[in-house]
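Coordinates in review
If you want the building blocks of each chain, they are given just below.
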Amino acid sequence: MSSKMLQFTHIEQQSPDKRAAETRKQDFNEIYGGFQDDRATGQASRCEQCGIPFCSVHCPLGNHIPDWLMLTANGRLEEAYALSSSTNSMPEVCGRICPQDRLCEGSCVLEQSRHRSVTIGAVEKYITDTAWEKGWVQPIVPTEERSESVGIIGGGPAGLAAAEQLRMQGFQVHVYDRYDRMGGLLVYGIPGFKLEKDVIARRVDLLERSGVVFHPNTDIGKTVTFAELRSRHDSILIATGVYKARALTIPGAGLTGVHKALDYLITSNKVSLGDSIDAYTSGELNAAGKDVVVIGGGDTAMDCVRTAIRQGAKSVKCLYRRDRDNMPGSQREVANAEEEGVEFVWLAAPEALLNEGTDQAVSGVRCIRMHLGVADASGRQSPEPTPGSQFVLPADLVIEALGFEPEDLPAMFGEADLTVTRWGTLKTHPRTLMTSLDGVFAAGDIVRGASLVVWGIRDGRDAAASIGRYLNEKAVAQAAE
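Report follows, based on the coordinates.

**Observations regarding helix H4 (residues 65–73)**
A large share of H4 lies buried, amounting to 7 of its 9 residues. All of the buried residues in H4 are Ile-65, Pro-66, Trp-68, Leu-69, Leu-71, Thr-72 and Ala-73. Buried-residue contacts for H4 involve helix H2 (37–44), helix H3 (54–57), helix H5 (77–87), helix H7 (104–107) and helix H8 (120–134). Following H4 by one or two positions, Gly-75 has its phi on the positive side, about 75 degrees.

**Section: the pattern of salt bridges**
What the rule picks out here adds up to 30 salt bridges. Across the pair Glu-92 and Arg-203 runs a salt bridge whose closest N-O atoms are separated by 2.9 Å. Placement of Glu-92 in helix H6 (residues 91–97) and of Arg-203 in helix H11 (residues 197–209) is noted, with a sequence separation of 111 residues between them. The residues Glu-92 and Arg-203 share a single accessibility class, namely buried. A salt bridge links Glu-351 to Arg-366, with the nearest nitrogen and oxygen atoms 3.2 Å apart.

**Observations regarding the packing of H2 against H4**
Viewed as axis vectors pointing N to C, H2 and H4 meet at an angle of 135 degrees, and their least axial separation amounts to 8 Å. Between H2 and H4, the interaxial angle falls into the category oblique. Between H2 and H4 lies a crossing whose hand is left-handed. Facing Ala-40, Thr-41 and Ala-44 of H2, the residues of H4 in contact are Leu-69, Thr-72 and Ala-73. For the contact of H2 with H4, the per-class residue count stands at 4 nonpolar, 2 polar and no charged.

**Some details on the side chain of Glu-164**
Tracing the backbone through its elements, the reader meets Glu-164 in helix H9 (residues 157–168). A polar side-chain atom of Glu-164 sits 2.7 Å from a polar atom in the side chain of Ser-89. In this structure Glu-164 touches Ser-89, Ile-140, Arg-203, Leu-207 and Arg-461, once residues within four positions along its chain are discounted.

**Things to note about the side chain of Lys-125**
Residue placement: Lys-125 occurs in helix H8. Accessibility expressed as a relative area gives 9% for Lys-125, which makes it buried. Once you skip the residues sitting within four places of it in the chain, Lys-125 turns out to touch Glu-30, Tyr-32, Gly-33, Gly-34, Gly-95 and Arg-96.

**A word on the environment of Val-334**
Here Val-334 shows up in helix H16 (residues 331–339). Put simply, Val-334 and Val-292 are 42 residues apart on the chain and 17 Å apart in space, counted from C-alpha to C-alpha. Sequence-distant contacts of Val-334, that is, excluding residues within four places in its chain, are made with Met-302, Arg-324, Met-327, Phe-344 and Trp-346.

**Comments concerning the pairing of strand E13 (residues 391–394)**
In E13, alternate side chains face the same way, and those of Phe-391 and Leu-393 are buried while those of Val-392 and Pro-394 on the opposite face are not. Summarising the sheet, strand E11 (residues 364–375) and E13 pair through 4 bridges and their orientation is antiparallel. Bridge pairing in E13 places Gly-364 opposite Pro-394.

**Some remarks on the pairing of strand E10 (residues 348–354)**
Among the 7 residues of E10, 6 are classified as buried, and the element is accordingly described as predominantly covered. Both E10 and E11 contribute to a ladder of 6 bridges, which runs antiparallel. Within E11, the residue paired with Leu-353 across the bridge is Val-365.

**A closer look at the sheet that holds strand E3 (residues 213–215)**
Across the sheet, which stays open at both edges, the 5 strands sit in the order E3-E2-E1-E4-E16 with parallel pairing between neighbours. What marks the edges here is a single partner per strand, and that holds for E3 and strand E16 (440–442). Each strand axis lies, on average, 20 degrees off the axis of its neighbour in the sheet, ignoring direction. Bridge count between strand E1 (residues 149–153) and strand E2 (residues 172–176): 5 bridges; the pairing is parallel. Along E2, the bridge assignment pairs Gly-151 with His-174.

**Considering the sheet that holds strand E14 (residues 397–400)**
With parallel pairing, 5 strands are arranged side by side in an open sheet as E6-E14-E7-E8-E9. The two strands at the open ends of the sheet, each matched to only one other strand, are strand E6 (258–260) and strand E9 (343–345). Geometrically, the sheet is characterised by an average inter-axis angle of 25 degrees between neighbouring strands, direction not taken into account. Alignment of strand E7 (residues 291–295) against strand E8 (residues 315–319), held across 5 bridges, turns out to be parallel. Bridging across to E8, Val-294 finds its partner in Cys-318. Seen against the sheet, helix H13 (residues 261–272) touches E6 and E14 and runs at an angle of roughly 80 degrees to E6. Contacts from helix H15 (residues 299–310) reach E7, E8, E9 and E14 within the one sheet, and its direction differs from that of E8 by about 170 degrees.

About the criteria used
Residues numbered from 1 in each chain as written. Predicted model: local features only at pLDDT ≥ 70, side-chain atom pairs only at ≥ 80, totals over all residues. Heavy atoms only, no water. Buried < 20%, exposed > 50% of the residue type's maximum accessible area, 1.4 Å probe, protein only. Helix = DSSP H or I, 4+ residues; strand = E, 2+ residues; numbered from the N terminus. Contact = heavy atoms within 4.5 Å. Salt bridge = Lys/Arg side-chain N within 4 Å of Asp/Glu carboxyl O. Axes fitted to C-alpha atoms, helices over the stretch in contact; angles between N-to-C directions. Parallel < 35°, antiparallel > 145°, perpendicular 65-115°, else oblique. Left-handed = near helix turned anticlockwise from the far one by under 90°. Nonpolar A, V, L, I, M, F, W, Y, C, P; charged D, E, K, R; others polar. Polar contact = N/O pair within 3.5 Å; in protein donor to acceptor, adjacent residues only side chain to side chain. Pairing = 2+ DSSP bridges.

The structure is reproduced here in structure tokens:
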């Protein structure tokens, strides 16, 4: 079935059906269904085929969005997938979790008019899920096998994207990760209601069938030294991400019942995967029956509040010092959370965590109302406290979702010559992404700082291209010698 393009005057914007809140909050399955063929075709046909495709311009991967929308509208799905996957190592992931409202869809010319954007992410998901179902996604078969090997530290988006691209060049690729499953935050940081884990498992399996060798439960600096890793491989890519959580510095921050967001999410995701976790069984990292307060306003905070709802919390509140319009998280996620019963406490900040019992358990959060004052150097208004506006929120479980910072990699790896910036991220050459160590490259959040999955994929692909050039130049030089 094919459709003409520019149908935005006849076909309204449509998203895939979303499960009712009362149903979906009972499990950790994805809340959105998939497009049926006719709805995907119709939605793709709304594309205006702009002369300057702002959707592509504002996509970190530079995806050829108008082209694969046109192919979808014309029923040429295998070609659409080939084009989509030529620029994106994980289109099925980006279609599910990218903040399209801030990237491609938010930049769609139709979004600037009364017609509203094409639902690009849902069509991307439809194309790729169809490709998996039809068997169009096949293992990589390099045109030439190379003897050089590359060791990748980190099995998250940047590491997996780099592994794919390096394997396509024929290099022998080994991926090392501290966790027992590959995928990084895609597996352990993002709940299943946004990204079901079999989506990642099949991508990892594909890479394994393509010849990528995975080394789980490998903590660099402990399980194996960084020096040993360098001796094994012709080049190294560091794609560890940023895992050090920013912590509260207010009175009571050390009380029991106060936990970091990632600890909470990792535990929940492991339980969903069938693991037995003592901290969950004991109730320590289980929100069931508790008054939960999540502090923060990003997507990680949204993951925490929606997880707490599914665990059966008595109440769930999200405390954020700015207003809704200034939240860094996706507005779509905020709306989903509200539908599921999360209460947002805007323009409020924690002053202290309270303990009213004889033990050291948290019992509440003393907060103060905020107002937005003068804009800072970035142009964003700074939140300022309103004197005498304190109030208390009851809390048995407080989750800190304040963002992430880099770990001290030079110390962890025992490599003092690995240069970092003043923020602790790895310092790399702006063009080659090589660190201060010859043959050692870095990509993703450990260079960029905490960012989006789509940027991790882009950085991993760019690093793979640089590593390929480095090893090719090295091979030519060795041949000349």
